[in-house]
Amino acid sequence: MAVGEDAGSASAEAPGRHAVSVLLAFGKCLGALLPVYLAGYFGLSLCFVVLGLVVYLGWRQHRDGKRTRLNTAMYVLENERDFTTTKLFRSRRDVPAWVNFPDVEKVEWLNKILQQAWPFVGQYLEKLLVETIAPTIRTSSAHLQTFSFTKVDLGDKAVKVVGVKAHTEHDKRQVLLDLYISYAGNVEINVEIKKYFCKAGVKGIQLHGKLRVILEPLIGDVPLVGAITMFFIRRPKLDINWTGLTNLLDIPCLNAMSDTMVMDAIASFLVLPNRLTVPLVADLHVAQLRSPLPRGIVRIHLVEAENLAAKDNFIKGVIAGKSDPYAVLRVGTQTFTSHHVDNNLNPQWREMYEVIVHEVPGQELEVEVFDKDPDQDDFLGRVKLDLGLVKKARVLEEWFTLKDAPSGKVHLRLEWLSLLPSAERLSEVLQKNQNLTVSSKTPDPPSAAILTVYLDRAQDLPMKKGNKDPSPMVQLSVQDTTKESRTVYGNNNPVWEDAFTFFIQDPRKQDLDIQVKDDDRSLTLGTLSIPLSRLLSSTELSMDQWFQLDNSGPASRIYMNVVLRVLWLNEEPTSPVSSDPSVPFPGEGEDDVITDVTHRGSSVSPTPTRPQHTSPDSSFGTEGVLRIHLVEAQNLVAKDTFMGGMVKGKSDPYVKIRVGGLTFKSRVIKENLNPVWNELYEVILTQLPGQEVQFDLYDKDMDQDDFLGRFKLSLSDLISAQYIDQWYTLNDVKSGQVHLMMEWLPKVSDPARLEQILQYQSQQSYVNKAVPSAAVLFIYMEQAHGLPLKKSGKEPTAGVELSLKNTSQRTKLANRSASPRWDEAFCFLIHDPREDIVTVKLSHGWGQPLGAVVLPVKEILAEQALVLDRWLTLDGALPESQILIRAELKLLDSKLAQCASGSNGASEVEHVIPTAETVPATNQELRHRTVQGGGDAGDSGRGQVNLTIAYSTQENRLVITIHACRNLPPCSKDGSDPYVSFLLQPDKNRSTKRKTSIKKRDLNPEFNERFDFDLSLEEATQRRLDLSVKNSVSFMSRERELIGKLHLDLNQLDLKAGISQWYNLTEETS
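Residues numbered from 1 in each chain as written. Predicted model: local features only at pLDDT ≥ 70, side-chain atom pairs only at ≥ 80, totals over all residues. Heavy atoms only, no water.

> Give a detailed account of the overall build of the protein, specifying residues and quantitative values.
For the protein, the helix and strand inventory stands at 15 helices and 50 strands. When the 1070 residues of the protein are sorted by exposure, 47% land in the buried category. Sequence-distant contacts, at least 24 apart, represent 66% of the contacts inside the protein between residues at least 6 apart. (Helix = DSSP H or I, 4+ residues; strand = E, 2+ residues; numbered from the N terminus. Buried < 20%, exposed > 50% of the residue type's maximum accessible area, 1.4 Å probe, protein only. Contact = heavy atoms within 4.5 Å.)

> Run through the sheet that holds strand β30 (residues 692-699), naming residues and quoting values.
A sheet is described by the order of its strands in space; here four strands give the open sequence β28-β27-β30-β31, paired in antiparallel fashion. Single-partner strands in this sheet number two, and they are β28 (662-665) and β31 (706-714). Strand-to-strand twist in this sheet, taken as the mean axis angle between neighbours without regard to direction, amounts to 15°. Bridging between strand β27 (residues 653-659) and β30 involves six bridges; their strand directions are antiparallel. Bridging across to β30, Y654 finds its partner in Y698. (Pairing = 2+ DSSP bridges. Axes fitted to C-alpha atoms, helices over the stretch in contact; angles between N-to-C directions.)

> Account for unusual backbone geometry, naming residues and giving values.
In this chain, E216 is followed by P217 through a cis amide linkage whose omega measures -10°. With a phi close to 45°, N343 is a non-glycine residue in the positive phi region. Within the element layout of this structure, N343 appears in the loop between β10 (334-337) and β11 (348-357). For N678, which is not glycine, the phi dihedral falls at a positive 55°. With respect to the helices and strands, N678 occurs in strand β29 (residues 676-685). Given a relative accessible area of 2%, N678 falls into the buried group.

> Summarise a nonpolar patch on the surface; cite the residues concerned and give the values.
On the surface, L34, Y37 and L38 cluster together to form a nonpolar patch covering roughly 300 Å² of accessible area. The residue L38 is located in helix α1 (residues 2-41) in this model. (Patch = residues over 30% accessible without salt bridge, like charges linked within 9 Å, V, L, I, M, F, W, Y side chains within 5 Å. Areas by Shrake-Rupley, 256 points an atom, 1.4 Å probe, with all protein chains shown as cover. Salt bridge = Lys/Arg side-chain N within 4 Å of Asp/Glu carboxyl O.)

> Can you lay out empty space enclosed by the protein for me, pointing to particular residues and giving the numbers?
Taken as a whole, this structure holds two cavities of 30 Å³ or more when the rule is applied. In this model, the largest cavity occupies a volume close to 80 Å³. In terms of lining, the largest cavity is formed by 12 residues, of which the most central are R627, H629, M741, Y760 and L896. Counting residues per element, the ones that place at least two in the lining of the largest cavity are β26 (624-634) and β33 (737-744). (1 Å grid on protein atoms, 1.4 Å probe; cavity = no way out; pocket = protein on both sides within 12 Å on 5 of 7 lines; lining within 4 Å. Points joined across faces, edges and corners; volume = space filled by probe spheres on them.)

> Summarise helix α11 (residues 754-762); cite the residues concerned and give the values.
When α11 is considered as a whole, its buried residues turn out to be L754, I757, L758, Y760 and Q761. One side of α11 carries all its buried residues, which in axial view fall inside an arc of 160°. (Arc of directions from axis to C-beta.)

> Which residues make up the packing of aromatic side chains, and what values do they have?
Going through the model one piece at a time under the given rule, you end up with 15 aromatic pairs. A ring pair is formed by F711 and Y728, whose centres lie 5.3 Å apart and whose planes are at 10°; its orientation type is stacked. Placement of the pair is F711 in strand β31 and Y728 in strand β32 (residues 723-729), with a sequence separation of 17 residues. By the burial criterion, F711 is buried, and Y728 matches it. The ring of W568 carries R425 above its face, with NZ or CZ at 4.7 Å from the centroid. (Phe/Tyr/Trp six-rings, centres within 6.5 Å; stacked < 30°, edge-to-face > 60°. Lys NZ or Arg CZ within 6 Å of the ring centre and 35° of its normal.)

> Describe helix α8 (residues 426-434), listing the residues and the values that go with them.
Among all positions in α8, only L426, V429, L430 and N433 are buried. The arc that holds every buried residue of α8, seen down its axis, measures 95°, which confines them to one face. Its buried side turned inward, α8 meets β8 (296-306), α9 (533-536) and β23 (557-569).

> Residues and numbers for the sheet that holds strand β17 (residues 472-478), please.
Reading across from one edge, β18-β17-β20-β21 is the order of the four strands in this open sheet, with antiparallel pairing throughout. The open sheet terminates on both sides in strands that have one partner only, identified here as β18 (481-484) and β21 (524-531). Mean inter-strand twist for the sheet, computed between neighbouring axes without regard to direction, equals 15°. Bridge count between β17 and β18: four bridges; the pairing is antiparallel. Counterpart to L476 in the pairing with β18 is K483.

> I'd like a rundown of the environment of V659, residues and numbers included.
One can find V659 in strand β27. Sequence spacing of V659 and V693 is 34 residues, and the spatial spacing of their C-alpha atoms is 4.9 Å. For V659, the contacting residues outside a window of four places in its chain are V683, L685, E692 and V693.

> Now, about the pattern of salt bridges: what can you tell me, with residues and values included?
Overall, the coordinates contain 42 salt bridges when judged by the stated rule. For R667, the salt bridge goes to E679, with nearest N and O atoms at 3.3 Å. A residue pair is termed long-range when its members are at least 10 positions apart, and R667 in the loop between β28 and β29 and E679 in strand β29 qualify at 12 residues. The exposure classification of R667 matches that of E679, with both residues buried. Ionic pairing is found between R957 and D1012, a salt bridge with its closest N-O pair at 3.2 Å. A residue pair is termed long-range when its members are at least 10 positions apart, and R957 in strand β44 (residues 957-966) and D1012 in strand β47 (residues 1006-1013) qualify at 55 residues. Classification of R957 by relative accessible area gives partly exposed; the value is 25%.

> Can you tell me about the pairing of β27, naming the residues and giving the values?
Judged by how many residues are buried, β27 sits mostly within the fold: six of seven residues are covered. Between β27 and β28, which pair antiparallel in sequence order, lie two residues; one of them, G660, sits at a positive phi of approximately 60°.

> Tell me what's going on with the confidence of the model for the protein, and back it up with residues and numbers.
Close reading of the predicted structure is inappropriate where its pLDDT is low. For the protein, the average pLDDT comes to 79, and 79% of its residues sit at 70 or higher. Every residue in residues 88-94 scores below 50 in pLDDT, and together they form three contacts with partners more than four places removed in sequence or on other chains. (pLDDT = per-residue confidence, 0-100.)

> Explain the side chain of D518 to me, using residue names and the numbers behind them.
Secondary-structure assignment places D518 in strand β20 (residues 511-518). On the accessibility criterion, D518 (1% relative accessible area) is buried. The contacts of D518, once residues within four sequence positions are left out, are K464, P470, S471, P472, M473, L523 and L525.

> So what about the environment of K464? Which residues, and what values?
Along the chain, the position of K464 falls in the loop between β16 (449-459) and β17. Measuring from C-alpha to C-alpha, the distance between K464 and L525 comes to 8.8 Å, with 61 residues separating the pair along the chain. Not counting the four nearest positions on each side in its chain, K464 is found in contact with D469, P470, D518 and L523.

> How would you explain the side chain of N433 if you had to name every residue and give the values?
Looking at the element boundaries, N433 is found in helix α8. Within polar-contact distance, the side chain of N433 engages the backbone oxygen of S447 at 3.4 Å. Once residues lying within four places of it in the same chain are set aside, the contact partners of N433 are R299, P446, S447 and A448. (Polar contact = N/O pair within 3.5 Å; in protein donor to acceptor, adjacent residues only side chain to side chain.)

> Would you mind going over the environment of G553 in detail, with residue names and values included?
Structurally, G553 can be placed in the loop between β22 (542-548) and β23. By relative accessible area, G553 is classed as buried at 15%. Residues G553 and G526 lie 27 residues apart in sequence; the distance between their C-alpha atoms is 7.9 Å. Once you skip the residues sitting within four places of it in the chain, G553 turns out to touch P462 and Q548.

> Break down the pairing of β8 for me, with residues and values.
Taken across its 11 residues, β8 has 10 buried, putting it largely inside the fold. Two elements, β8 and β11, share eight bridges in a ladder whose sense is antiparallel. When the sheet's bridge partners are listed, R299 is paired in β11 with E354. Sheet analysis places β8 next to strand β15 (residues 409-420), joined by nine bridges and oriented antiparallel. Bridge pairing in β15 places I300 opposite L414.

So this is what it looks like as structure tokens:
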């Protein structure tokens, strides 16, 4: 019976639905004819009807085209393999994730995760919009009290990451990723304002762009990354399919405006120079990450063009005319337009522009040339250039061929201006700028500096009339340039967290003027004027502090970080550079004479001079030295028990110290629960948030060592305290304490303190034979000039090796050039500046010598401020061969040395703990960088191993050759039976474990055995070699098995060079 009733009701509803559809069709026809009827009724011209029809057809065509593009994009993403293979095989544009190129990695696993999690992302977004954003919108205005989201659906099409490119070669304290994002989704979001019967929404979005993700700073604790910063380097491509009332935005005239407004909203917080920063740990300078200092400034000289296409033709092309060319230059959101030159296919502009570069590599200079016309300007061609080329070349002058045009070239001179944190060269910069005659068409003179203002917050601003809270905003002005912050509504303690950058012509004469105003701009809440000359006398040209406001309340103040940076041009002769990325960078070949260039209408003939001083990064020389004195321990747990625990024994304790990626091991003290070590360690560290010093105690056993406790110390706490002498309780055990003396050593540049430091040093004695360092030496290797050619006549691939006693460090191998650049920094611990000598050796591929220079550290003591910064002539090379070096010596003025300088202090601070045991010196010199080799055989006390680690590009495999060992210690009275065993970590399955043959009774064995691994070059650089030299022993033998170990990160080696090298063996290495 019920079934019959349901069938009857369904049949009854069918005519009803048909009647509704007929009425809707009739209503649409009536609506279409209504404008015609109204035009006739009111006597309007037929033109209005035609105009309305044109607008409707344009809207319909644009909307259909947008829907077609959206459907096509979704089809391509769903069937990308077949579509790409059949239709787009010849194009590399917008390639899918399964197409792999060497520099862009596919991340199909990430896309699967996104697709799986996409419904839950939709649930979160719906909750966010309905429960958080909608109430906020309703309370913002009385007209929006009935606002609501009627539908929120992200659809089933997730965002796709087409590819990822990782940049790890620029800054070791960050990871930089480029994510190629592609989204063509069937998202549907509808909103309604019931009060006005208004409905609107979005149904379908396309978004394509390159998202840069920066993981910085890298820290030594979970989650390993301090913050995540995201932004688009260039504006992404956006296409929105509107619904409801917003359908009007698809009218041709309004469409471009609406999409531009949406893109402006996205660009306001996600396109350079704006960034989205998400902190992951506390106590981070988020403002510094969100608005960092620029990477540099590029000065663009738009000189001229030639052989442009003729666009002004007459009588349908019968009479050929010329063009009225002008150029548009873009770098990110910065846009400049030149003047146009009438009737000229070889125009000369002679104009100069300065642009801020926030990210290299990535940011591009785009130059487009147009023909000026009364209606629509004609396109004459474009040039795109990655600004990383300019940074590499420093000065780049070249004729660039215009793309997408039949003919034409444009002549550009591009200069990379570095940011200097001192005013030493300001006078020289100002003098150079005065020598440039400025054209009247572009009256702004060249800048000598940039000023960056981090506007943080204000406190206790005065109230408005009626005791109402103000809505403050800030106007910042330098000369004729004024910039405004955002407005903080209803708050007299506003927080802005905005950043602003100004170009400064002469910081000695200009001021920064600040006005805090209410949002209507009529009421001034306070003023402040800062002469930029104050910054010139400040440390590192910066002021990070509270400033008292004038013409304001008695307690009104504003907090800002004001930073000035001098713009310095390393002008040097360079070779022409092609805009083709496949062409090598400039500055890597023979020197070239720079042609005459005019600056804004005046002729300038730069001389091909080399820079007289280095220009290191601002972080150069900021590392510090931590001195750790492991004194003793007491009341340790007894682990050596006998007869099932019935007889209590003691322990054989030793300590492992982990800090800054390094591990150090003390000596083992036999059968002692209150051991005295009296050992000293020193390590050079970069100050990063979250770093810790970890101490682990173990009981040495024949099989597996027993755990005796651990504790951790925060490096930031040690730096704040400067000096600590304290007992620390061991964690995770019943009892035990460790006595430590630790000091974050102050760095001074006063040579008068050296004698007292050395006197304190001579009074110290440690069991591990360590000598306290007297100084730390920072060396910056910038470039060389005029190196000799190879025997074949080709330019060398030059590298630099720096050696100090048994410590050696190497630069990377530069690209082929007789004038190579390295721009690398190194640091060494110095025990006696009067005696120590640094040797700098240059070679081709670590083989053919190219010259050397010997630098006694005592020469730096004679320099002002203990800084040597100049060209040094190379011995054993050409007469003109030189190298540009900066060497800074910082004396380590220990607090104990200061006490020892008193009359009775020497005996009080002498930390000599007597012991009958003597052991070889271990790890006397700890450094922040891993030493890759060097030193005499046997310095480590464990001997050495000779290896060749190379990557064969022809065979696509990693080749490791074990050649020999030398000076191995004997494991018994008959010597040792050594063999080598190694593993490439990470390797969970131990599939890369290999070992050599056994050499009987030989302390200097030769193996000459080769091992191959099928790995890509990228995979090889991510592996670490864990190598052990062992003594072959029987199962019941009591001889020592392990002779020595070596841990080697392959990313520290030039695998393509394949150099044979001796490495020190140790019990524990970093």
